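Analysis of the macromolecular model
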Amino acid sequence: MDVKQKAINTIRVLSAEAIEKANSGHPGLPLGAAPMAFTLFNEHLKHNPKNPDWINRDRFILSAGHGSMLLYSLLNLYGYGLKIEDLENFRQFDSLTPGHPEYMHTKGVEASTGPLGQGIAMGVGMAIAEKHLAALFNKDDNKLIDHMTYILCGDGCLQEGISNEASSLAGTLKLNKLVVLYDSNNITIEGDTKFAFTENVRARYEALGWNTLYVEDGNDIEAISKAIAEAKKSTDKPTLIEIKTKIGYGATGKEGSADAHGAPLGAESLAALRKNLSYEEEGFNVSKDVLDYMKEKSVELEKYEEDWYKKLEAYKAKYKADYDKLMSFYDKELSEEVLKACTDIELKDDASRSSSGKVLNKVSHVLENLMGGSADLGPSNKSVMNDEKFFSSECPEGRNIHFGIREHAMGAIVNGILLHGGLRSYAATFLVFSDYMKPSIRLASLMNLPAIYILTHDSIGVGEDGPTHQPIEHLAMLRSIPNINVIRPADSREVCYAWQAALMSKETPTCLILSRQGLKLLDNSSEEALKGAYIVHKEIKDAIDAIIIATGSEVALSIDAAKDLEAKGKSIRVVSMPSQEIFLNQDKEYIEKILPSNVKARVSVEALSTMPWGRFVGLEGTAIGIDRFGSSAPGKVLFEKYGITKEHVEEEVSKLIEK
């Protein structure tokens, strides 16, 4: 047996052993897909284990993230820093080998995967980023940005709708440096795919504008290598390589069965696997010849980066301005110029979506690595950079992206662009359609990606479109996600600072919740919006009778209600709280200053679900909002019908004061 085959079998056995020790995991994919993954890493992937983050590396995403031990075994053998002890701690608390790959947790993991299909869509984002940066910086004599994006997926990934959305866009954009290795074994958790998935996948991908290749035997590493080499030659299409494998290969009694998918093999099948693969090493040991081979290969791989840095130095010497610009793209610090651009608009009565569009266009002039777009709602979301071209196969330098009506894929593609590095990115749609993006928004939060989501048409103010388009529970949903900032600005000034907060964020995504309806410019809105909440209308006496807390379009009517109550001798404070999350991250002194704990008479006002407001108004307070679906009617009529009026606010505040 040659050393390459021994290395493949080592990957198989290490994976199975780790899963057995954890008594948890998915051995089927590592056993079946080890040959394709090893061949990619060994013969084609341009990577350097000593520096997993160098700019021009090829990217590899294990979209079928449940097969994580495949990736961990590869990272161990290639010297990415994972030790045998880490493999032995698979799926244990705080280990470097969690159940599914986690970005920024384990070196060599390019994206957090596990929710099926997400990896394919994020890979599309990475390929877009590569194509865009190459168009901006490559020269005829120096192709500085020139790398591939590889994805390993299974039948499950290709059943998820997100993969088709993203693949459709990839074909349209002719992302030729994108290659999907399809581990085609006809098995999912419930058994044979004949019951739910009988389509001709390659024919579908051909219809989507992809090249397709076929490898009949997943153990034929020469055929696999030849197919990958062929895929790399493509100049106008992404490529899907279907590779027929057997799930649980080598495990007697489990091979080719759903039993191999998501449970340890068991001692008997593990012993049979070792025998069938002629694997002689005991425990988690690796043979000396495999270790020696992998060490030599790791040293050999360092040359990829060494050669690239020579190109970089030559580039710097000849194209200094472009070099400086490229380096600035990878600088995460925000310049004063960008911060100033956020506030360089005329402050006036305006819908916050319109104010946001004006800020975006000011920022785009100075933040040259900002790239994004909308799910076919650009004119409504005000999310188009007006002086910029649209990204396409003919115009890869364009910074606007037509995502098409593909919210789910859009969210993941934005994540992929950010994961690639060198670019900032945003996505835009109606707030109600954030439902379609939720899995991708959650992953952005989990991966600490500063994605920006422009979510407009923020309430029943949408009006005649009716309840299908009127968000009710969506802010509660978004606010429930850990590590996210949800900002609903009350006027054009708060919009400016919302954008500042979003752009200053380095590890937290931001949802900008923006109105279709016009908002009045408030007299006392201020930069304190950056703290998440502040006093927008001060009480008339030292003693506070009640506090009204509001967001967005409801701040102005809350101020009007406070003024009417003041005319009756009441002392009312109005707090604008554009972001609950940012406010709760302030120190205790500031929180107490804005919401004194001795004032129990509190009313929140927001034309959406009241669910998130209990922690601010307390058991003795009142939350004014909407806890039922809306109706089709003009927005002003709906605000009246649902009690989002200054009169209702006055009434509820008065009740609390009189208690």
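Remember, it's a predicted structure, so these values are computed and weren't measured experimentally.

1. Some details on the side chain of Q500
Looking at the element boundaries, Q500 is found in helix α19 (residues 492-504). Once residues within four sequence positions are removed from consideration, Q500 is found in contact with L339, C342, T343 and L530.

2. Looking at the pairing of strand β7 (residues 239-244)
Of all 6 residues making up β7, 5 are buried, and the element is well covered by its neighbours. Summarising the sheet, strand β3 (residues 178-184) and β7 pair through 6 bridges and their orientation is parallel. Note that in β7 the partner of L181 across the bridge is I241. Sheet topology places strand β6 (residues 211-215) next to β7; 5 bridges connect them, and they run parallel. Bridging from a neighbouring strand, N211 pairs with T239 of β7. Note on the crossover from β6 through helix α9 (residues 221-232) to β7: the handedness is right-handed.

3. Section: the nonpolar core
Nonpolar side chains tend toward joint burial in soluble globular proteins. Ranked by size, the top nonpolar core spans 127 residues in total, and within it L70, I128 and L478 carry the most contacts. Here the element with the most residues in this core is helix α5 (residues 118-137); it accounts for 11 residues. Every residue in contact with L70, bar those within four places of it in the chain, is listed here: I11, S15, L29, P30, A33, A34, A37, L62 and L152. Counting residues in hydrophobic clusters, the runner-up holds 47 residues, among them A490, L522, F616 and V653.

4. Considerations on the packing of aromatic side chains
The tally for this structure, following the rule as stated, stands at 13 aromatic pairs. Centre to centre, the rings of F41 and F60 are 5.3 Å apart; their planes meet at 80 degrees, and the pair counts as edge-to-face. With F41 in helix α2 (residues 28-44) and F60 in strand β1 (residues 59-62), the pair connects residues that are 19 residues apart, well separated along the chain. Comparing F41 with F60, the two get one shared label, buried. Taking 5.1 Å as the distance between ring centres and 80 degrees as the angle between the ring planes, the aromatic pair formed by W308 and Y309 counts as edge-to-face. Of the residues examined, W308 reaches a relative accessible area of 2% and is grouped as buried. Accessibility expressed as a relative area gives 37% for Y309, which makes it partly exposed. Each residue in the set F583, Y590, W613 and F616 is aromatic and connected to the rest through ring pairs, giving one cluster.

5. Observations concerning the UniProt feature "site: Important for catalytic activity" (unreviewed entry) in the protein chain
Sites flagged by UniProt as "site: Important for catalytic activity" (unreviewed entry) map to H26 and H261. Look at the named residues: they lie 236 residues apart in sequence, but the longest C-alpha span between them is just 5.4 Å, so in the fold they bunch up. Within the secondary structure, H26 is located in the loop between α1 (3-22) and α2. Setting aside its immediate chain neighbours within four residues, H26 contacts I19, H66, G67, R91, H261 and G262. Of the polar contacts made by the side chain of H26, one reaches the backbone oxygen of H66; its length is 3.4 Å. For H261, the position within the fold is in the loop between β7 and α10 (267-276). Exposure remark for H261: the relative accessible area of 12% places this residue in the buried category. Leave out the neighbours within four places in its chain, and H261 touches G25, H26, P27, G28, H66, I189 and I247.

The rules we used
Residues numbered from 1 in each chain as written. Predicted model: local features only at pLDDT ≥ 70, side-chain atom pairs only at ≥ 80, totals over all residues. Heavy atoms only, no water. Helix = DSSP H or I, 4+ residues; strand = E, 2+ residues; numbered from the N terminus. Contact = heavy atoms within 4.5 Å. Buried < 20%, exposed > 50% of the residue type's maximum accessible area, 1.4 Å probe, protein only. Pairing = 2+ DSSP bridges. Right-handed = clockwise from strand over helix to strand, strands pointing away. Core = buried A, V, L, I, M, F, W, Y, C linked by side-chain atoms within 4.5 Å. Phe/Tyr/Trp six-rings, centres within 6.5 Å; stacked < 30°, edge-to-face > 60°. UniProt positions renumbered as here; feature names shortened; annotations may be inferred. Polar contact = N/O pair within 3.5 Å; in protein donor to acceptor, adjacent residues only side chain to side chain.

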